[in-house]
Amino acid sequence: MAELIAAPQAPAQIAPPAEKSAGYWRSVWRRLRRDKVAMTAGTILVLIFLMSLFATFLAPSDPYARNVANRLAGIGTPGNPLGTDDLGRDMLSRLIWGGQLSLLMGVAPVFIAFFFGSALGIIAGYAGGLTNTLIMRTVDIFYAFPSVLLAVALSGALGAGLFNAMFSLTVVFIPPIARVSESVTTQLKSSDFIEAAKASGASALTILRVHVLGNVLGPIFVYSTSLIAVSMILAAGLSFLGLGVQPPFPEWGQMLNALRNAMYVQPLVTALPGVMIFLVSISFNLLSDGLRSAMEVRT
Amino acid sequence: MSDATPLMTVKGLTKHFPIKGGMLGRTVSRVHAVDGISFDVLRDETLGVVGESGCGKSTTARLLMHLIAPDAGEIIFDGRRVGSRDMTMASYRSQVQMVFQDSYSSLNPRLTIQDSVAFGPQVHGVRRRDALQRTHDLLDRVGLDPARFAARYPHELSGGQLQRVNIARALAVRPRLIILDEAVSALDKSVEAQVLNLLADLKKEFGLAYVFISHDLNVVRYISDRVLVMYLGRVAELGRAEDVYAAPQHPYSAALLSSMPTGDPDRRVEKAALQGDPPNPIDLPGGCRFHTRCPLVGTMCRGTEPELARIARDHDVACHARIPGSGHRPESKERAA
């Protein structure tokens, strides 16, 4: 009876729509969503990011407005729910505004270092031989310095300021990212599918673009996110030493520095910027741990 | 007709891997992985390559594909030297392809099956739409429904299915010769048989030649027209499969074939045909490299390395004992004692 209706002639040239299949990143996301710790950390980070982004609307008062009569007020003071600092400025407003610079100092150097470090590492790893030796031994010279010392030395030499601090942090983070990139690329280079791609006659650039990048950027990215916490702490340290953000701009590390004289008067208020730094760094660490384990599983 | 000339001629191909040592990274010694091998691959033939682990089979495959540069020797493909202006590496690599042993790791885990297969043709300038069309046809041809498999990722397929994908990938650039490096060794027996039959069909359909590298002697006999026996980076014996299997001339081939597993209880072997391990390829014995394990060893075997010589029609052997007039005298009496 099927012959009664002429079967519609399917054009042979057009391939039928291929069956959908969950991509790699979708399965990573699915696993990450089940990880409660990572998701909590991620939520905290999103909230803090939003808080900093919309500081103009969220901060109850002007973070620069001084009120010497009301200096070093405790937590719960009417009008200043989180107290005031040594110049009588509202702590809640300064913490909200401080997120902008603190997060910028944490994320931007790592982000820039991610580009330069992974480019150097991938080139070194894929090229091998003399190129590898030249790039990686140069990187090792920087790596030999303790990161804090290198950041302080560079910032000190360049002079205090936001951009100099970010620049020195970028320099600090390029070597570790380059080393990780080099090792994952070297490992990947000997895979059969890279050999097969070479056997297809593809150029090194095409192989890098199609076969190498997709496989190495994930692990490098995860490693880099774990550096954001370090970057925030180093940035706070630079500001604490007076080498980063300058007063009166609010930044958590610099606020911690300014308030350290008041530690015996208002210990809780003094601790607040530290709590913020701690919260953001641990969240970044937990999120990158979760991301790492979500990416490791191969079904 | 050009059919008389071989499709590929390999002349004196050599690869020694340096072993670096000391503080300055000087080369302290060398692994003689492939040590001057020469052979032809005829049009439409399957050349089986057998030998123990570590005899240089896989290095040979990688040399043939030019994935590693040879230290000496040359490859002539279709009458033109590979790497010359007449036969550039790019055009060589569109005519010769390779299938690896590990079917999973030879596919990019981040690419779909169709992207992996279509990659080769796109490299050679085929438009993506046409490359995908060719991919779907080939997947269908190797027994994988494109509607089900084309958009899947490697980890969703079984080993046998993946090896079919790898075969499709090799076919996608329309090669004339495919090097199969232990391509079926990792598959279980029933899947192996299916893939072997598929390979035989594809060979007829596309007019392919194969270099079939394997340690499995039964499989090599099944698929090969001619067989090349390798020992420690040299050709020990080269001849038609039926001749080599019926009457192996080199004592190493004889020992290898007698160690072949058989289903026939009357032909059961109870004693290992070969004693000991092959010598270290870093520190090769002088003379014939098989003399340390050879039942026919003679005085001259310790001093002179035998060259591959023709002893019958289409049958070459590198053994003093088999080459007439070589002056070989066995010293088997002392060995028998």
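What counts and what doesn't
- Each residue is numbered by its place in its chain's sequence as written, counting from 1.
- Chain A is the first chain written and ligand 1 is the first ligand written, with later ones labelled in order.
- For a predicted model such as this one, the threshold for reporting local features is a pLDDT of at least 70, and the threshold for listing and counting side-chain atom pairs is 80 or more; totals across whole chains, interfaces and linings nevertheless cover every residue.
- The side-chain quantities take in all heavy atoms of the structure and omit both hydrogens and water.
- Helix and strand definitions follow DSSP, with helices as H or I runs of at least four residues and strands as E runs of at least two, each counted in order from the N terminus.
- We compute the radius of gyration over the C-alpha atoms and compare it with the globule rule, which gives 2.2 Å times the number of residues raised to the power 0.38.
- Burial classes follow relative accessibility: with a 1.4 Å probe on protein chains only, a residue under 20% of its type's maximum area counts as buried, one over 50% as exposed, and anything between as partly exposed.
- Contacts are assigned to residue pairs with any non-hydrogen atoms lying within 4.5 Å of each other.
- Residue burial considers only the protein chains on display, and all accessible areas are found by Shrake-Rupley using a 1.4 Å probe.
- Positive charges come from Lys and Arg alone, negative charges from Asp and Glu alone, with His and the N- and C-terminal ends not counted.
- Note that the charge is assigned to NZ on lysines, CZ on arginines, CG on aspartates and CD on glutamates.
- The convention used is that axes are lines fitted to C-alpha atoms, helices contributing only their stretch in contact, and that angles between N-to-C directions extend from 0 to 180 degrees.
- The labels follow the angle: roughly parallel below 35 degrees, roughly antiparallel above 145, roughly perpendicular from 65 to 115, and oblique for the rest.
- By definition, any crossing whose near helix is turned counterclockwise from its far helix by less than a right angle is left-handed, and any crossing with a clockwise turn is right-handed.
- Three residue categories are used. Nonpolar comprises Ala, Val, Leu, Ile, Met, Phe, Trp, Tyr, Cys and Pro, charged comprises Asp, Glu, Lys and Arg, and polar comprises the others, including Gly.
- Paired rings are identified among Phe, Tyr and Trp, the last through its six-membered ring, by centres lying within 6.5 Å, and are further divided according to the angle between planes into stacked (under 30 degrees), edge-to-face (over 60) and tilted (the rest).
- The term buried area denotes the loss of accessible surface (1.4 Å probe radius) that occurs when two parts are joined, taken as the sum for both partners.
- By definition, a salt bridge exists where a carboxyl oxygen of Asp or Glu is found within 4 Å of a side-chain nitrogen of Lys or Arg.
- For this analysis, a polar contact is any N or O atom pair within 3.5 Å, provided that within protein one partner can donate a hydrogen and the other can accept it, and provided that sequence-adjacent residues contribute only side-chain to side-chain pairs.

(A) Main features of the overall build of chain A. For chain A, the helix and strand inventory stands at eleven helices and zero strands. Over its C-alpha trace chain A gives a radius of gyration of 25 Å, far above what one expects of a compact globule, namely 19 Å for 299 residues. Classification of the 299 residues of chain A by burial places 46% in the buried group. Of the contacts made within chain A by residues no fewer than 6 positions apart, 72% connect residues no fewer than 24 positions apart. Surface exposure of chain A reaches about 15300 Å², of which carbon and sulfur atoms provide 70%. Side-chain charges in chain A split into 19 positive and 14 negative, and the spacing between the mean points of these groups amounts to 1 Å.

(B) Region of interest: the packing of helix H5 (residues 129-143) of chain A against helix H7 (residues 162-189) of chain A. Residue and element names in this part refer to chain A. Orientation of H5 relative to H7, taken along the N-to-C sense of each, is 140°, at an axis distance of 9 Å. Between H5 and H7, the interaxial angle falls into the category oblique. Between H5 and H7 lies a crossing of left-handed hand. The residues of H7 that touch H5, namely those facing Asn132, Met136, Val139, Asp140, Phe142 and Tyr143, are Val171, Pro175, Pro176, Ala178, Arg179 and Glu182.

(C) Quick peek at the packing of helix H4 (residues 91-127) of chain A against helix H11 (residues 267-296) of chain A. All names here are of chain A. Two elements in contact, H4 and H11, have axes whose closest approach is 11 Å; the angle formed by their N-to-C orientations is 40°. Note that H4 runs across H11; the crossing there is right-handed. Only Val269, Leu272, Pro273, Met276, Val280 and Phe284 of H11 make contact with H4, whose side of the interface consists of Met91, Leu95, Leu103 and Val107. Within the contact of H4 with H11, the residues separate by chemical class into ten nonpolar, no polar and no charged.

(D) Geometry of the packing of aromatic side chains. Residue and element names in this part refer to chain A. Per the stated rule, a full pass over the model turns up nine aromatic pairs over all chains. Both rings, one in Phe54 and one in Phe57, keep their centres 6.3 Å apart while their planes meet at 40°; by these two values the pair is tilted. On the basis of relative accessible area, Phe57 is assigned to the exposed category, the value being 68%. Taking 6.1 Å as the distance between ring centres and 80° as the angle between the ring planes, the aromatic pair formed by Phe114 and Phe115 counts as edge-to-face. By relative accessible area, which is 14% here, Phe114 ends up buried. Within the aromatic cluster, the residues linked to one another by ring pairs are Phe111, Phe114, Phe115 and Phe221.

(E) Representation of the interface of chain B and chain A. Of the residues lining the interface, 32 residues belong to chain B; the matching set on chain A comes to 28 residues. Between chain B and chain A lies a buried interface of about 2700 Å² when both sides are counted; carbon and sulfur atoms form 54% of it. Glu195(A) is paired through a salt bridge with Arg62(B); the nearest N and O atoms lie 2.1 Å apart. Joining chain B to chain A, the criterion identifies nine residue pairs in polar contact (both at pLDDT 80 or more). Within the residue set of the side of chain B that touches chain A, elements represented by two or more residues are strand E6 (96-99), helix H3 (113-123), helix H4 (128-141) and helix H5 (146-149) of chain B. The residue makeup of the side of chain B that touches chain A, split by class, is 15 nonpolar, nine polar and eight charged.

Honestly, that's just the spatial picture; any functional story needs more than this.
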